[in-house]
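Commentary on secondary and tertiary structure
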Amino acid sequence: MSSETSTRVLPPKGGSHPVRPADPSDVRLQPEDQGFQAGHFFVLLSLVAATVAVVMARPNLPENLILISLTIGAAGLAGLGVYRMLAPLVAPQADLDRQPLSERMRLELEREKALTLRSIKELEFDRAMGKVSPQDFDDMAGRLRALALGIMKQLDAGSTVYRTLIEKELAARLGNKAASPPPAAAAAPDAEGLCECGTRNDHDARFCKNCGSKLRAA
Amino acid sequence: MAALGSFLLLATFVVASYALAVSVAGGRRRSHALIESGVGAFYTTAALMTVASAVIVHAFVTGNYAIKYVQRYSDAAQPLAYKITSYWGGLDGSIMFWVFLLSVFGAIAVATNRERHRELIPWVVAVISAVEMFFIFIMVVHNNPFSTFVATTPADGKGLNPLLQNFYMAIHPPSLYIGFVAMTIPYAFGMAALITGHLDDAWLRAVRRWTMIGWLFLTFGLTLGMLWAYEELGWGGFWAWDPVENAGLLPWLTATAFLHSVMVQERRGMLRVWNVTLVITTFFLTIFGTFMTRSGVVQSVHAFGEDPWLAKLFTGFMILIVTFSFGWVIYRLPLLKSRHELDSWVSREAAFLANNWILLFSAFFVLFATMFPTLSEAVRGQRLTVGPPFFNMWMRPIGLALLVLTGIAPLLAWRKSTLTNLAQSFAWPVAALMVTGAAVYALGIKVWSSGICFALCAFVGATLLQEFIRGAQVRQGASGADVFTALVGLVNRQRRRYGGYIVHLGIVLMFLGFAGQGYKLEENMKLNPGQTGTVGEFTVRQDSISVTNDDQKQMITGHVTVLRGGKEIAQLTPARWFFAKHEDQPTTEVAIRRATGEDLYVVLAAYEVQTQNATYSVTVNPLINWIWFGFAVLAFGTGLAMLPERALALAGAKVPEGAVTTSLMLLLMLMPAMAGAQTIVPRSELRRQLEADLMCKCGGCKAPMNNCQMGPGCHGLQEQHAKLDKYLAQGMTREQILAAFVAEHGGQDILAAPIDEGFNRLAWALPYMVGLGGLAVVGLVARRWSRQHAEPEAAPAASGSGKDAALSARLDDELRDLD
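The paragraphs below set out a description of the structure included in this document. Since the structure is predicted, the reported quantities are computational estimates derived from the model, not experimental observations.

What counts and how
Residues numbered from 1 in each chain as written. Chains lettered and ligands numbered in written order. Predicted model: local features only at pLDDT ≥ 70, side-chain atom pairs only at ≥ 80, totals over all residues. Heavy atoms only, no water. Helix = DSSP H or I, 4+ residues; strand = E, 2+ residues; numbered from the N terminus. Buried < 20%, exposed > 50% of the residue type's maximum accessible area, 1.4 Å probe, protein only. Contact = heavy atoms within 4.5 Å. Buried area = accessible area lost by both parts, 1.4 Å probe. Salt bridge = Lys/Arg side-chain N within 4 Å of Asp/Glu carboxyl O. Polar contact = N/O pair within 3.5 Å; in protein donor to acceptor, adjacent residues only side chain to side chain. Nonpolar A, V, L, I, M, F, W, Y, C, P; charged D, E, K, R; others polar. Core = buried A, V, L, I, M, F, W, Y, C linked by side-chain atoms within 4.5 Å. Pairing = 2+ DSSP bridges. Axes fitted to C-alpha atoms, helices over the stretch in contact; angles between N-to-C directions. Expected span 1.5 Å × (residues − 1). Arc of directions from axis to C-beta.

1. Some points on the overall build of chain B
- When helices and strands are tallied, chain B shows 25 helices and ten strands.
- Every one of the 819 residues in chain B was classed for burial, and the buried ones make up 59%.
- Considering only residue pairs separated by 6 or more positions, chain B has 74% of its internal contacts joining residues 24 or more positions apart.

Set out below in structure tokens:
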């Protein structure tokens, strides 16, 4: 897979579009087909209010009407913001450890990978231009390759989690009572805060600073 | 409406404080709900400030003069565009505009970085909210833009300052504010990285684009300010080292240093403490610049005024910023240890170190010299003036040193350059330097700094050209494409590097424009109808004076014909505009004939409508348009460097050839100074020098006599000229004349630069001592780095060699696909 296409939205390795988890406590990862949402309500309300205000406005100069519409639109956004401010406080707490990679996180990792690959290519260019000696190239490129491999492992691990969630969802819908597989990719560090993705963390870290997975205490 | 506005400000303050508290709690407890609630509150702040901004703009547009701010900065006859731009025309509105921009940018920064930098987000929200709270607090308790008249509502407003009713002035403040505000984002991410201890390079990647955006808008704002000063103020120049101008320059210098030193951290894991310090310093300077222009600690024609209460508030905030920020830096020092050593002084890392030293030295020099009048008043009870002659004298060598480094750094290798490397890389650029230097000497170009600048521009231009050619050759060898395709592919694939080189090219072109100032020609000429006067190659003929009116103003327009070699080449109409509501502030409408090699700049200084006589100030400004063109090239380069990873076709990308351009400019420079015609007011070299040394007494322009924007018609200036005539007629020397002016005025602030003796020497001595001290510190630190052993890199976890080999193979495939 070429990283030139890495910034497009990609389906996971299984080939199907990801089914978002049904965990209602996750206010970010809502199923796409959930219907009327808070954002829709505030947009509609703003449109209605702006229409009424524009009809009743005096003087009805274009600049006046545009400003009124913008003001009401911004007020609608403020209302949505207040909803976003208060909704998480009343929703059940999400379990950070069990959250899979969201689509946005995947895109961010793809972007990170693309940047790392670009840095390796730049280094190769520097070597060809004589700006980096061969041993320095080996040293710097080695570091960048390790970083890129770590990100690729994270991406692969994330798609595994999606597969597990899809299986769980199917099992629940078919009424299959088999025990769900354990959550994937709970990182098992060797020692000293080393995560499965290859990132070395501080010795007292509880979560990996690179992939966010929970680390077992040393 | 006013009550709604005030309520919105108060509500924003409450919501911002909620965002701060909840984000801190959520970040400490790693509570997803609290963090999300904080982010929601953060977005709400942006929405509320948008509503508040729309309310104030609506008040301006509909002429709601019950609001004092609207009445002060607008009137019924003002064009709609300037009614809208009056939003940021005064102090109160400018603070609200700042908060509006910060809230919107902050919301965008948080939304785009939420997934990748999840652990940093709560602290980013907290820091930005704290800054917002400070500015909103100022508005709520002291500078409320929505405060109203208590008794009677005026029927009309006073109107915006006529000088601000200009296209450049409409976009210059927003551009500068965007630049200032954008620097808060890197600061917030830097602090978040310090607080969470996540000090790998991830936070740098989050902030680099924001720093470039802020830097670009700061550059744009500064250039627009220069353009405005050039076209509107009528003194023929574009930069007066005014405190407000310097306030915009300071964070630009430190941001430039950061954009370079960040590359060293990314490549070699060095300068980690320094980069965090630069981010903090850049943000601090944006606040300091705001403090300077709004507190009254410095005197400036651009300043908003004097406000001791505001001065105290800003001082407290700045102390808090310094204590909080550097406290965290000191606490996290063990995590900020450098990963590698400095292997050689002849390396790119060393060049970037030197670059940083010069930029920070420049910033310190400008800051100290700007504050020196305040310092001298506090220490000696005597306020001095530190004007353009002082800055120009001491900043020139620093600017030239920076230009040298611009050429050297791209030629050096990372870690260590070998002798072969150096010989191959420096041969052509040094040859270009020598050839241009010899040509400059042979042509008898007398201004030493301009001559050196031309030679250095050739050096840097040759460096850039060489990088493009060699890069294209490498790409050709790898891809087998033709040279044009290789060049396009080269720039496309190495956008950051070659975008940066194009930015450097823009800087070279701007320096060319600066160097041209050494050959400026100016004359004052009093002309009857049909009479001519000559400056350089140009002859100016007076035709007539006309008087016209519109709803806002009366316009007195001079009509002149410009000739060169006996041939008519232009008709110019310099004018003075007298606004009905600001009769004491007439504007100077300059007439400019622009060309690649020089501008002919004509100002209507005085006039007699009945006799149709007029006095014109005529200036020839060589190479000045290269400054504006250089900025356009710089902006293009920055835009290219900021483009995201998706490929961009660059068909037709052109790189100007720096060496050829420089030679052409040198040829265009051949303009012998001609003797003035009978209508030219003769000015000796001593007189010109004294006009640069003495400040205008009018008090409004705060400029030297040769830069007074009121022109020869200014009453304060006319008094000064009369005294100068008297002293020169008596045969007094420069020092005697300056002493006489000081004695008559009762203070040294009549001088454009402090007399170089005693305490006054500190104005340049202290910054230079600090600069040299800084160089010594850089040298010591670099020496210590070069002696310490590098930390061994953490080896990746081995989880099965088969799996790793497959991944490695995939990685190699993807790398191959990139081309």
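2. Structural notes on the interface of chain B and chain A
- Taken residue by residue, the interface counts 78 residues in chain B and 69 residues in chain A.
- Interface area for chain B against chain A, summed over the two sides, is near 6900 Å², with a carbon-plus-sulfur share of 55%.
- Per-residue buried area on chain B facing chain A is highest for B:His32, B:Glu115 and B:Arg116; these three make up 12% of the total on that side.
- At the junction of chain B with chain A, the criterion picks out eight salt bridges.
- Salt-bridge contacts for A:Lys131 lead to B:Glu467; the nearest nitrogen and oxygen are separated by 2.8 Å.
- Here chain B is connected to chain A by 15 residue pairs in polar contact (both at pLDDT 80 or more).
- Top contributing element to the side of chain B that touches chain A by residue count: helix 2 (residues 32-62) of chain B, with 19 residues.
- Of the residues that constitute the side of chain B that touches chain A, the class distribution is 33 nonpolar, 16 polar and 29 charged.

3. Quick notes on the environment of B:Glu245
Residues and elements named next belong to chain B.
- Within the element layout of this structure, glutamate 245 appears in helix 10 (residues 243-268).
- In this structure glutamate 245 comes out as buried when scored by relative accessible area, which is 13%.
- Put simply, glutamate 245 and leucine 222 are 23 residues apart on the chain and 7.5 Å apart in space, counted from C-alpha to C-alpha.
- Looking at glutamate 245, its side chain comes within polar contact range of the main-chain nitrogen of alanine 240, at 3.0 Å.

4. With respect to the nonpolar core
All names here are of chain B.
- Ranked by size, the top nonpolar core spans 219 residues in total, and within it Ile56, Met96, Phe135, Trp203 and Ile287 carry the most contacts.
- It is helix 9 (residues 202-233) that provides the largest number of residues to this core, a total of 17 residues.
- Residues within four places of isoleucine 56 in sequence aside, it is in contact with Tyr69, Val70, Tyr87, Met96, Pro145 and Phe146.
- Of all hydrophobic cores here, the second largest spans 20 residues; its members include Val540, Ala570, Val602 and Tyr616.

5. Notes on the sheet that holds strand 10 (residues 613-622) of chain B
Residues and elements named next belong to chain B.
- The strand order across the open sheet built from four strands is 1-10-9-8, with neighbouring strands paired in antiparallel fashion. In this open sheet, the two edge strands, each paired with only one partner strand, are strand 1 (521-527) and strand 8 (591-594). Neighbour-to-neighbour, the strand axes of the sheet open up by a mean angle of 15 degrees, direction not taken into account.
- Across ten bridges, the pairing between strand 9 (residues 598-608) and strand 10 is antiparallel. Opposite leucine 600, over in strand 10, you have valine 620 as the bridge partner.

6. Describing helix 1 (residues 38-56) of chain A
Residues and elements named next belong to chain A.
- With 19 residues, helix 1 should cover 27 Å at 1.5 Å per step; its first-to-last C-alpha distance of 27 Å lies within 8% of that length.
- Within helix 1, the full set of buried residues consists of Ala38, Phe42, Ser46 and Ala50. Taken down its axis, helix 1 places every buried residue within 95 degrees of arc, on the same side. For helix 1, exposure combined with an orientation more than 90 degrees from the buried face picks out Leu47, Val48 and Val55.
- On its buried face, helix 1 is in contact with helix 2 (62-90).

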